[in-house]
Structures are given as structure tokens and as C-alpha cells.
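Reading the structure
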Amino acid sequence: MDRREFFQSIALTTAVTQALAAAEPADTPDTSDHTLQCEFQHNGTAWKVYEDLRTRDGSLTFVPARGAARVMGKRLEAVFSQAAVPFLGLSREEIGSSLPDLLADKLLAGGGDPDEIQVRDAAPLIGGPVAPNPGGGNAAGGGGTNQWNTFVGTKECFDTAPVYAGGNTRTYHPNQYFAELQAGASGGDRANTRERWEGLLGGWMPAVHKIFLISDQSYIDVMVFGDVEAHDKFIVQTWHRTARIDSGKMSKVVFGYSYPAYPPFKEDPKKEQFYRALLVFADYWDRQLADFAPTALPDPSWVDMSKHAVAKEIMVRPGGVYPKYGAVDRDYYGSEYDGFQDIFTASVYTNLELGRFEPCRAILDNYLTEYTDARGMINMRGPETAQYGLTLSLMARYLNYTRDAATMQKHRAKIEATAAGLIAMHDTSLKLPPEDRGYGLIAGWSESDACLAPHPEIWWKPYYANSAFAARGLRDLSRAWSGINPGLAREWRKRSDMLLDATLKSIDKWTLSEKNPPYVPLLPGSQLTFKEAMRTERPSEQQWPHRPYAELLMADVLPHPLANKVVDTMRAYGATTMGVLANVGGGGNRAILGFIAYGFAEMLLRLDRIEEYLLFCYAHRYHDHSPGSWTAGEVAGLGPGKPTFCIPAQQTIPCVVRWMLAIEDHDEDRLYLARGLPREWVASGKPIRLEQAPTRWGRVRLHLQNRPEVKSVVATVELARAGAPRELHVKLRMPPANAVKSATVNGRAAVIGGAHNDTVIVPTGNEKHFEVVGTYS
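Described below are features of the structure shown in this document.

A closer look at the nonpolar core
Judged by nonpolar contacts, the single largest core of 210 residues is most densely connected at Phe62 and Trp285. Discounting chain neighbours no more than four positions away, the residues touching Trp285 are Gly153, Thr154, Trp204, Met205, Pro206, Val228, Ala311, Ile314 and Met315. Residues Val163, Phe178, Leu181 and Val224 belong to the second largest nonpolar core, which totals 16 residues.

As C-alpha cells, then:
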């Protein structure tokens, strides 16, 4: 099967699935107590729109004269802290000045899974006021309405439209029509624009929903979304609805389109136009994500968050393809950032894991065609050496997942040139005297910003991550390339082994074992920790330590005992914040690094440090994303300030959610399933499902559900017909009081193992279907 046939088969499967779903009779939603908003015609069918105004998160229901109804839910989150005491009782000074991650230590002190709500309330939320304001009105703090906190757009438009905290865009202001939103409004009728609630229509679609409370019974309700039928190349046309709700009734509503009315040239739209546009919008975004691997979790907001991250990438990339690091602001939407390697690697990894092969192919083809030259050099200042290794690893993953040999052949010369470049850098290190600290290790920049410094050579150093990821990339590519160029594949594998051997020997030599815990350095020759070096050396070669640590772990080439030492080093010496990779800077500040961090999380999962993995997931969700609107920051401080958006940070949640359900072993013929699920989810009795999950052995299906009535937790696994891993490791993370004591696979007694004795080991043999039953008391 060639590439064209392969992608056609995916499209056909999706189309058939959708057609079958549409053909099934659907229950008509109960709208008896909902408000009829309007009726309109669309595609020859009459539609009625109902809205449940009894609650602030009541659904919108589109009911056609024939066919299935469409329900758009509303999901709201508070944009203010609900904690009585901030920072778990610690002071900012204690948190910032401590080397150990005090917040993580407290959140994990109970010994079990961290509490998601406690993690949420452990620090003020992004965009909220400094502290709750019981009196209402505009509290002081970081949630000012003059800052944008999300954006809307389409795949086709080459730009995005920012939406501000107060519900306005740069061309439409709801407060013109509602005095309650104006700063001069009287106290009793003034909307609280700081302590607001935000969400997305349909749970995940890029339709902004904001609630500004006036009283217990009254509020202003704002909706904004991009017009998916507009054809402007750079201007996002926007639909607006602003309404006042009093005691469950809409007392005033104004509809808008992009700009204020200018009669007689431009009139405000009719309600029928707005609701028709919203229906078209919902169908459009469903089509954009039709290839998203279907997923169901006990808390569906995690799936919604993953899907919204995909929607944000589609909006950010002009035409859905061209790379952009940020949105709206010149930093980071300027073209000088477009070739940034992290945009490419995070996107390819995320889209592959979600099963979005055709968008991934287009993004990969665009980057290798337009942003990579014949020598493998990227069209961006300051290449990051380890990212070249990750690129090679992802090329192998792409080929393994998609079997798209045609695209690999098209870019074969550039892929091989990238590998040749890393080998040349390795050759340079082999010319050094054997006693040199960099002998056998690849020297090069770790951080892109290093190239702009007055003396960039300070950071042209043999960071361990450079060699570790080169080893990983060459190893993975050698396996994928064995049928393309066997001789070159053998050379790559040999180099990979040489690089790994040199890396492990150097780490063993330079680890400061006398410290407690032992300190694993970023690079050889260091006698100071990164914090000590940054404090005493100006500038220091250990600046930006977060990146080389995260990449060293993500490469997954270290033996697990050593990888555990690296994680312990990071936790104890200042490289994590609330369990997430820290943006390590000077002074007493503590901040979360939103992007790159997924590599750190991935290794926590591989090391079976599940409690820490879940802490990462919760902390990244609640303290690197704006509440409700879910806009991720490159770097987020522990407080209400607005971080700068970047798309690689947004793609963290989709990866960690996919990995908690299914993740491959890099080197062993093994697939881990349900490894990172919270115990509460597993015990809930609600279904946990992952359909059509791509792996190097083909698509995989997982269904897991606790059956408390028979004291069993059951996992059903279906493998692709074409291939299978030698082993499945199915983790059944029940609460300790209900720990699984025995298990069967397809009715046969099974072995329970793993670091925590909660994993059923399943040799696959010639079977493709497995029913794993774990029994507890």
C-alpha cells in the first residue's frame, strides 16, 4: 500500500464510522424546560435552538425537523482561586528560595495519588485576582480585562483574533451595549469582570464563553467564535453574543459580527444568523478533529483539553500547516521564530500519538521542504543540538506508525544529512585528547537563545543531552532505515552505542556522589550545581539547565537507576516547580516551564513514578493554562500574571493524556497500557476507553472498567491484525484497599508484576484479543 492509498483508507474508515453513527436513531434531547431562542433554515432543513438557562452551564440544543439533534454543552471554570490559604500555607519566599520543590513535597506527602483539587488550589490561577474578593467588583491583581487570554480563528485564515478577559476583541467591545461591564457602573449593578467564569462551547471547541456575575441570580453571558465560512486571508471575522440573564431568563441580548454596526452600510446580525453560524461552526470543528483517536475518561474535561490543544494548533498555523510558535503578539508570532525546532518536534509527536497522520504528514513535509536545507540546517537562529536527535527519532516513529515510505523517500537526503551532521560533531569530539572532559561527547548549543549572546561559545559545550538524544535518534532511525539503506543503518547503530557508552561513563565519573541526594550534572567537569554556578559565574555554561535535563530524560537511554537519580537531582536542587519542569532563573523566583516539560513527564511515567506523573499533569493543567479558556504559557509564574502563549506548551496535555493510557517501550517489544491512570478513575466504575491508538505494531484498542459488583476490574485489548508487541503490560491501579490480588488473561491465570505489583504481564503469542480480569477483595 502506497502513501496515497494509506491515507485514503484512513479517510474512508472515518467516513464510514461517521455515516454509521449518523444512521443510528438518536434520542431526542429533553428541552421541555429550555428557552426557545430561535428558528432558522439550514441546508433545506428547519432548525430550532433551545438553551437551558436554568444554570450558567446549561446546554444549547439544535433540533432539526428531521435527523439528529445537536447538543453543545458548556463547561465553566472559575478564574479565581478558591483556596482559603494560598501556597499550602507556605510563603512565596520559602517556595522561591528553597532548592527542594516544597510544593511538590507537600502535595505528595500523603503517599498516594495527589489530590487534583488541592493541586489546583496550591497557587493563584493564571489571569485571576491576587486573592478572592468577597465584596464583588474588580479586585486588584493579574486578571485585568485589558489583557487577552485566548483567541479564536479558523484553519484557513492566516492569523488569529485575540479575545480579552472582558470578552472583547480588538474590533468589538460588549461593554458598549452593557453598562454593567463598564468601570463606571453602579456597585449594585456592576458585573464582576475579575472573578469571572470561563469555558468553551461544546467542551473543547474554540468558541469562548465567559460569565460575569452581577448577583446570585444575575450575570452577563458572553460568547465569541470565529466565522468558519469567511474567506479573508488574514482577518478573522468573529461572531458575538452578549446577554444579561436574570433568574433564568434572558432579559437583554445583543448580537454582533466583527465590528460595531454602521447603518446603513452595516447592521448588527439577526439572532437566526448567529445560531446558524454556530451550528456550522460546530460541524466544521468536528470535521477538523475527525481523525483524533477516540478517547473516553471518567473526567471528560481531560479529553476536551487535548482536543482543544489540537484546535489551537490548527488556528495558529496559517492554513493549518505553516509553523508558528505563538499567537497575536510579535513574541512569538513573528516569522523569526517559525523554524524553531520545538514547534516541529512537539507537533509531530503530538499528532502522531493522537492518530492524526495526514495533518502530521503535511506539517512534516512543510518543515523539511521549507525550513530545512540540504545539509540538515534549520531556517532558524540557534539550533538546539538535542532536538536534532529527537527529530531523527520522530522520523522513525512517523514511518513506523504510518508506513508512509513515500514521504521519507522524498526527504531522505535531508534526513540522512541531519544524521551525518551529528556524526560529524561526534567525530570532532573524538579528535580531542582522551583526558578532555568532552572527549567522545557531542558539543553544541543546548538552548537556542545562546547564539545571541556576546560570547555564544560559552554554551557550545558537551551537554549530556546532546549525546543522549543523538544516541536515541540514531538508534531509532537505524531500525526504521534497515530496509532503505542497511549499511548506513548499521553505521548509525554503531555510533549510537559509542555515544551512549561515552555518556554513561562520563556521567558516572562526574556525578557528585558525596551529595545527598547524589547530584547528576548537566555536563562533564562541573564541580558546582547549576544553581551554585548561575549564582557565582556570570555568565555560566549551566544557564538554562531545564532544557538539557528534560532532554536527557526524554531520550530514554539511561538505565532506570540512573534516570531516577536525574529526577531526584532535579527535585532536590531546584529544577522543578510543583512537580513540573521549572524555568530555572536567578533570584528567588519559581516558575513552571510549559514547553519542553513533556519529556520530563514522559520519563516519570516510564520510571513508574505515577504519583509524580499525576502531579505533573494536574499542575501543568491548572498552573500553566488559563482557567476555562485553556491557553498555555511558555513560562508561568506561581501567580495570576499572564504568561506568553506558545503552542508547544499547549501540546503537553494531549501527550500526557495519551501516554497515561498507552505508551511504547522504546527498545523492548512491549506496550504499556493504563500505566498512568489515577486510582480514583480506575475505581470509579466509569468506562475508560482508547480507540484506534497508533503504535509501531498498528492500531490498538483499550477498554477498562471496574465492576465492583463482582470485585473485578476488566481490561479489554484488541491489537491490529498486521502486528503485535511480544508483551503487553496492563496496569490495574486500583486503590490500595482494593488492590488486585489475582488475574486472568482470556480465562488463563496470569502473572502480576511491575514495580508496584499492579501490572498484568500478557505474552501476546498469536492472539489479537485479550480480556484481562483482575480480582480484588
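Now that the structure has been shown, the text picks up again.
Considerations on the sheet that holds strand β25 (residues 748-749)
Read from one edge to the other, the open sheet built from seven strands follows the order β13-β20-β21-β22-β28-β24-β25, with strand pairing classed as antiparallel. Edge positions in the sheet fall to β13 (295-296) and β25, since each has one partner strand and no second. Judged from the two bridges that link them, strand β24 (residues 740-745) and β25 form a sheet pairing that is antiparallel. Across the sheet, residue Thr744 finds its bridge partner in β25, namely Ala749. Of the strands in this sheet, β13, β20 (688-693) and β21 (700-707) touch helix α21 (residues 652-661), which is tilted by about 100° from β20.

Details of the packing of aromatic side chains
Taken as a whole, this structure holds 35 aromatic pairs when the rule is applied. Taking 6.4 Å as the distance between ring centres and 35° as the angle between the ring planes, the aromatic pair formed by Tyr519 and Phe530 counts as tilted. Residue Tyr519 is located in the loop between α14 (486-510) and α15 (530-536), and its partner Phe530 is located in helix α15; the two are separated by 11 residues in the primary sequence. Tyr519 gets classed as buried once you look at its relative accessible area, which sits at 0%. Residue Phe530 is classed as buried on the basis of its relative accessible area of 0%. Here the aromatic residues Phe225, Trp239, Phe255, Tyr257, Phe274, Tyr275 and Phe281 are joined through ring pairs into a cluster of three or more. Just above the ring of Phe292 sits the side chain of Lys307; from NZ or CZ to the centre is 5.8 Å. Its end group placed over the ring of Tyr333, Lys324 keeps NZ or CZ at 4.7 Å from the ring centre.

Focus: a nonpolar patch on the surface
A cluster of nonpolar residues, Leu430, Leu432, Tyr439 and Met498, forms a patch on the protein surface that exposes about 290 Å² of accessible area. Residue placement: Leu430 occurs in helix α12 (residues 412-430).

Reading the values: the criteria
Residues numbered from 1 in each chain as written. Predicted model: local features only at pLDDT ≥ 70, side-chain atom pairs only at ≥ 80, totals over all residues. Heavy atoms only, no water. Core = buried A, V, L, I, M, F, W, Y, C linked by side-chain atoms within 4.5 Å. Buried < 20%, exposed > 50% of the residue type's maximum accessible area, 1.4 Å probe, protein only. Contact = heavy atoms within 4.5 Å. Pairing = 2+ DSSP bridges. Helix = DSSP H or I, 4+ residues; strand = E, 2+ residues; numbered from the N terminus. Axes fitted to C-alpha atoms, helices over the stretch in contact; angles between N-to-C directions. Phe/Tyr/Trp six-rings, centres within 6.5 Å; stacked < 30°, edge-to-face > 60°. Lys NZ or Arg CZ within 6 Å of the ring centre and 35° of its normal. Patch = residues over 30% accessible without salt bridge, like charges linked within 9 Å, V, L, I, M, F, W, Y side chains within 5 Å. Areas by Shrake-Rupley, 256 points an atom, 1.4 Å probe, with all protein chains shown as cover. Salt bridge = Lys/Arg side-chain N within 4 Å of Asp/Glu carboxyl O.

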